[in-house]
Structures are given as structure tokens and as C-alpha cells.
Amino acid sequence: WMKIFVAVLLQIITVGMSSSIHGGSYMAMAGKDSVVLAVDTRFASLKTGAFNLGDATRCVFRVGARTVVGCFGLDSDSKILIDKLREMLVDHYEFGDIVDLEPENIAHVISDILYGQSLLISPIIIGLNSENKPYICAMDELGAQSTTDQFAVQGTAGAALYGLCESLFLPELPAESLVSNVERCFK
């Protein structure tokens, strides 16, 4: 019974620390008929401190005509999630693109996948719905959704980014101003 307890404890510790191990940060912010997803390419962790391990491309996927998914965590798990998502949505493909799904629907499918799998990723789903309104949904590793009409952050610098977004967020910014505002938050 002791081996089982240790294995479960190690799994809990690993799941709880996944955001601090893999480094990088994601931030989404909504504006007037627009939404932006910013991604940090630095690869470091709380264990390495200020030491930067390198630059790495982050997992950001276009899913459909109006939806983008950014996956914070293990890159291999991100690819597994997107492959499972494409398998589940195969009936909605036309000419290689998902045509008739809202970002909300895609977020629900991703939530279901995460709840049924053991994937160490925390995705942010952004998009514009059919009424051209911005949609932002952040999830944890279990698929618990947190939707907002303002901003969402994930990653190692999540707390700092949240404070910056809270200070600098302005509702209904036009697209050009939104991009520069996100850039200010991320620098």
C-alpha cells in the first residue's frame, strides 16, 4: 500500500507543478470585434530561476476559421489534444477546415477531452463567434473552464501578467490598439 501512496503522491505533485516546470506564458485579451493571443517563447522554469534554457516555439493551433488554441504545458500532450480534437470533429471538416463550429463549442469538446485524459496542458481558446464577438476561455489540466470577455493568462509568469492586464486592460479597444496594449503587458 505504501508504493501506491507514493505513486499517487508523486502524480499529484507532478500535476500541481506542471506549470512551473515547462516555462513560458500565454495571454489572451479581447477588444472591439477582435481578440489577441500572445505567447512567450522563452523556455525556463522556477527551478532554473532567472537562467533561460533557450527559445522554443510554443504550441498554438488554428482550429477552424475563427478559433485559435494555445496549449501551455507539455508539447507532446498538446499535439495529442489537437489530434483527438480533430478526430472528434471529423464530421465538421470541409476542405480541410472546420466550418460550422463556434469557439464555445470547440472549448466544450476540448474540456471533455481533458477530463477524460491525463494530459499536462492548460489551454487557452480564443476566437470570434458568428456575431463577431470575442471569446476567451482558459482551462486547467482537468478541463475546468473559465470564460471571460476581458483577458486570460496561463504560465510561469501568470500572476505578474494578470496584474499587468488588470492595470492596462481597456474595454472595446480597436484591433491596432489592442495589439500594442498586449505588447505593453508582455514586455
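Quick caveat, the model's predicted, so the values are computed rather than measured. (Residues numbered from 1 in each chain as written. Predicted model: local features only at pLDDT ≥ 70, side-chain atom pairs only at ≥ 80, totals over all residues. Heavy atoms only, no water.)

Peer 1: Help me understand the packing of aromatic side chains in this model?
Peer 2: How two aromatic rings sit relative to each other is set out by the distance from centre to centre and by the angle between their planes. Under the definition given, this model contains 3 aromatic pairs. Judged by centre distance (6.2 Å) and plane angle (70°), the ring pair of tyrosine 26 and phenylalanine 72 falls under edge-to-face. Residue tyrosine 26 is located in strand S1 (residues 25-31), and its partner phenylalanine 72 is located in strand S6 (residues 67-73); the two are separated by 46 residues in the primary sequence. The pair tyrosine 26 / phenylalanine 72 is uniform in exposure class, with both members buried. One aromatic cluster is present, formed by Phe151, Tyr162 and Phe169 through successive ring pairs. (Phe/Tyr/Trp six-rings, centres within 6.5 Å; stacked < 30°, edge-to-face > 60°. Helix = DSSP H or I, 4+ residues; strand = E, 2+ residues; numbered from the N terminus. Buried < 20%, exposed > 50% of the residue type's maximum accessible area, 1.4 Å probe, protein only.)

Peer 1: Help me understand the nonpolar core in this model?
Peer 2: Generally speaking, soluble globular proteins have nonpolar side chains that are buried together. Leu81, Leu85, Ile110 and Ile125 are the most contacted members of the largest nonpolar core, which has 22 residues in total. Broken down by element, the residue count for this core peaks at 6 residues, all from helix H3 (residues 103-116). Contact partners of leucine 85, with chain neighbours within four places excluded, come to Val63, Ile106, Val109, Ile110 and Ile113. (Core = buried A, V, L, I, M, F, W, Y, C linked by side-chain atoms within 4.5 Å. Contact = heavy atoms within 4.5 Å.)

Peer 1: Before we go on, may I ask you to explain the sheet that holds strand S9 (residues 121-128) in this structure?
Peer 2: The strands that make up a sheet are held in pairs by hydrogen bonds between backbone atoms, and each pair lies either parallel or antiparallel. Taking strand neighbours across the sheet as the criterion, the 5 strands line up as S5-S6-S9-S10-S11 in an open arrangement whose pairing is antiparallel. Looking along the sheet, the strands with just one partner apiece sit at the ends: strand S5 (59-62) and strand S11 (145-148). Within the sheet, the average angular offset between the axes of one strand and its neighbour, ignoring direction, is 15°. Pairing of strand S10 (residues 134-139) with S11 involves 4 bridges; the strand directions are antiparallel. Bridge pairing in S11 links alanine 138 to serine 146. Running over the sheet, helix H2 (residues 75-88) touches S5, S6 and S9 and is turned about 15° from S5. (Pairing = 2+ DSSP bridges. Axes fitted to C-alpha atoms, helices over the stretch in contact; angles between N-to-C directions.)

Peer 1: I'm lost on the sheet that holds strand S2 (residues 34-39) in this one. Help?
Peer 2: Overall, antiparallel pairing links the 3 strands, which are arranged S2-S1-S12 in an open sheet. For this open sheet the edge positions go to S2 and strand S12 (151-155), each flanked by a neighbour on one side alone. Neighbour-to-neighbour, the strand axes of this sheet turn through a mean angle of 10°, independent of strand direction. Sheet topology places S1 next to S2; 6 bridges connect them, and they run antiparallel. From the neighbouring strand, methionine 29 faces S2, where its bridge partner is valine 36. Packing of helix H4 (residues 158-168) onto the sheet brings it into contact with S1 and S12, and relative to S12 it is tilted by some 165°. Relative to S1, helix H5 (residues 175-186) is tilted by about 150°, and along the sheet it contacts S1 and S2.

Peer 1: What is the right way to look at the packing of H2 against H3 in this model?
Peer 2: When two helices pack together, their arrangement is given by the angle between the helix axes and by the axis-to-axis distance. Relative to each other, H2 and H3 sit at 120°, their axes nearing to 10 Å. Judged on the interaxial angle alone, H3 and H2 are oblique. The interaxial crossing formed by H2 with H3 has right-handed handedness. Between H2, through Leu81, Lys84, Leu85 and Met88, and H3, the contact on the second element is made entirely by Ile106, Val109, Ile110, Ile113 and Leu114. The residue inventory of the contact of H2 with H3, partitioned by class, reads 8 nonpolar, no polar and 1 charged. (Parallel < 35°, antiparallel > 145°, perpendicular 65-115°, else oblique. Left-handed = near helix turned anticlockwise from the far one by under 90°. Nonpolar A, V, L, I, M, F, W, Y, C, P; charged D, E, K, R; others polar.)

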